[in-house]
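Working through the structure, step by step
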Amino acid sequence: MDGTKVMGLRNVNSICSLSEMDDHDLSRLLDKPRLNIERQRSFDERSLSELPMILTRGSYDNYEGMHSPCGRSGIDTPASWDRNSFDPHPIVAEAWEALRRTLVYFRGQPVGTIAAYDHASEEVLNYDQVFVRDFVPSALAFLMNGEPEIVKNFLLKTLQLQGWEKKVDRFKLGEGAMPASFKVLHDPVRKLDTIIADFGESAIGRVAPVDSGFWWIILLRAYTKSTGDLSLAERPECQKGMRLILTLCLAEGFDTFPTLLCADGCSMIDRRMDVYGYPIEIQALFYMALRCALSMLKQDAEGKDCIERIEKRLHALSYHMRSYFWLDFQQLNDIYRYKTEEYSHTAVNKFNVIPDSIPDWIFDFMPTRGGYFIGNVSPARMDFRWFCLGNCIAILSSLATPEQSVAIMDLIEARWDELVGEMPLKIAYPAIEKHEWRIVTGCDPKNTRWSYHNGGSWPVLLWLLTAACIKTGRPQIARQAIDLAETRLLKDGWPEYYDGKLGRFIGKQARKYQTWSIAGYLVAKMMLEDPSHLGMIALEEDKQRKPMIKRSSSWNC
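Residues numbered from 1 in each chain as written. Predicted model: local features only at pLDDT ≥ 70, side-chain atom pairs only at ≥ 80, totals over all residues. Heavy atoms only, no water.

1. Considering the confidence of the model for the chain
Selection rule: pLDDT expresses, on a scale from 0 to 100, how confident the predictor is about each individual residue. When checking whether two residues touch, look at their non-hydrogen atoms; a contact exists if any pair is within 4.5 Å.
Looking at the chain as a whole, the pLDDT averages 85, with 81% of positions reaching at least 70. Here residues 1-39 scores under 50 on pLDDT; set against residues more than four positions off or in separate chains, the count is 112 contacts. Note that residues 52-86 has pLDDT below 50 and, in this model, 95 contacts with residues that lie over four places away or in other chains.

2. Considering the pairing of strand E3 (residues 109-113)
To keep things clear, this is the line we draw: For every residue, the accessible area (1.4 Å probe, protein chains only) is compared with the maximum for its type, and the residue is labelled buried under 20%, exposed over 50%, or partly exposed between those bounds. A run of H or I in DSSP counts as a helix once it spans at least four residues, and a run of E counts as a strand once it spans at least two, with each numbered from the N terminus. One bridge is not enough; two strands pair if DSSP finds at least two bridges between them.
Most of E3 is tucked away, with 4 of its 5 residues classed as buried. Here 4 bridges tie strand E2 (residues 103-106) to E3, and the two strands are oriented antiparallel to one another. Counterpart to leucine 103 in the pairing with E3 is threonine 113. The turn joining E2 and E3, which pair antiparallel and follow one another in sequence, is formed by 2 residues; a positive phi near 55 degrees is taken by arginine 107.

3. Some thoughts on the pattern of salt bridges
This is how the line gets drawn: One speaks of a salt bridge when a side-chain nitrogen belonging to Lys or Arg is within 4 Å of a carboxyl oxygen belonging to Asp or Glu.
Evaluated as defined, the whole model comprises 15 salt bridges. Across the salt bridge formed by arginine 100 and glutamate 147, the nearest N and O atoms sit 2.8 Å from each other. Placement of the pair is arginine 100 in helix H4 (residues 91-101) and glutamate 147 in the loop between helix H5 (132-144) and helix H6 (149-162), with a sequence separation of 47 residues. With relative accessibility at 22%, the residue arginine 100 sits in the partly exposed group. For the salt bridge of arginine 271 with aspartate 444, the shortest nitrogen-to-oxygen distance reads 2.7 Å. Of this pair, arginine 271 sits in the loop between helix H9 (236-250) and helix H10 (280-296) while aspartate 444 sits in the loop between helix H17 (434-441) and helix H18 (462-471), placing them 173 residues apart in sequence. With respect to class, arginine 271 is no different from aspartate 444; both count as buried. In this structure, a network of salt bridges that share partners links the residues Arg369, Asp410, Glu413 and Arg474.

4. Some details on the packing of aromatic side chains
Quick reminder of the rule: Any pair of Phe, Tyr and Trp rings, taking the six-membered ring for Trp, is counted once the centres come within 6.5 Å. Such a pair is stacked with planes under 30 degrees apart, edge-to-face with planes over 60 apart, and tilted for the rest. Over a ring means this: the NZ of a Lys or the CZ of an Arg is within 6 Å of the ring centre and within 35 degrees of the ring normal.
With the rule as written, the count across this model stands at 22 aromatic pairs. Seen in terms of ring centroids, phenylalanine 365 and tyrosine 372 are 6.1 Å apart; in terms of plane orientation they differ by 85 degrees. Their pairing is edge-to-face. There is no split in this pair, since phenylalanine 365 and tyrosine 372 are both buried. Joined through ring pairs, the aromatic side chains of Trp361, Phe365, Tyr372, Trp386, Tyr429 and Trp450 make up one cluster. Sitting above the plane of the tyrosine 127 ring, arginine 511 keeps its charged end 4.4 Å from the centroid.

And the structure:
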């Protein structure tokens, strides 16, 4: 296809156009009727090599045993269910039909899925575009169903867009930046297809997406693992694309942290929500992308230098995240007893966090058993909020140690009502309210309390929760969440998000037939029924970074 051509640099002033181309122990939890948790050995303990699609341990590094034998099938009989002995849920066929209606074609080839297929919406905005992050669950659904061609087309088309010069208000973006989204325009008279790409110059707040490049690398590996096709990742343009993305992130500068400094609005939370600095979502995706790239980059002259830089960064990043972003009951108690104004390398309170800044809600929220990676850590600041995507990616990438992964699942069990409620799954917890909301969000009318990114419930997160549950040997947690979603998703028209503390209400501005709500459900369902699919998205623990790095003990008072 035309996506194989190497594109040169072109000026894209504002618009890019492509026309040519433990108070809560387990026994008490089980008393709750909605929870019936099956505790099994985690896949970290058993290793992902025990999954059917992976033949040998350590195969992530040499691509052995990648091919998953899924045959192409129609929407009524997805390949994933052909191999199972039980009948699929009645809404599965409806979900596939809805997903296929969102397909976008460029020159007769499918290249992605639009963000939402909402007939009732008066304003289309950018929901008729193909978003890089939004397409990931769609891509995984098609891969699991034995339809990899659309994923390959998408990877190549976005790679072409990356190769263009990108300018926003006369300012040039980094060469490796990936678009947030693109739109295909069809001219029936001239019979010409044109692609318009958005690198952040049209986004709310005009922020370029940091996560697009990471998702692209992760999806490239998922395609390779699913199909066994090494040739795509080995193409010179794909090798260069990975190096360009990582060059942006691995550049040396003034920062003393191995984490990646980011602005508000650069990820799934694409509006101002006080996640500037070092948000957990970006750090976890960064770590996962580094590991995925490490397994795909060639050991040639150009790749060797990039590989060495990745290795050094991974060691530093894993140490930093496991030491300073991790929070459990003991760590919370340590922070509560911090001394301040410490100087020198012997300081325990290295970021000079004032204990009085700890929010009251965290003391009740933190169970005796359980923990999670907090939202942000920077000088004099710790964002104690729970962010679902970052914690699930931490499990899937093995940024979280096996012990930490289990603790995250323990927390979800212990705080089921708060994090899952009646519609999975809280994107962040808790919501920001009142005067703090005005300051933090800039009085954003879409991010009011318990709505949208501010404590809203997002069905798309089902696939991430399911993958994390399977990897930790707790599939029943995912099954309970999927059962909840199945009671309403189709009836409600596959909303983008739900509002309220328990996720009881369809979001006030939620689009119907949101593509990643549909695809997220399908991926969760297929993965739960055939856990071998986990291999395309999860990484085994890196033995070089296995030892748990413990933060220094707090001062004894």
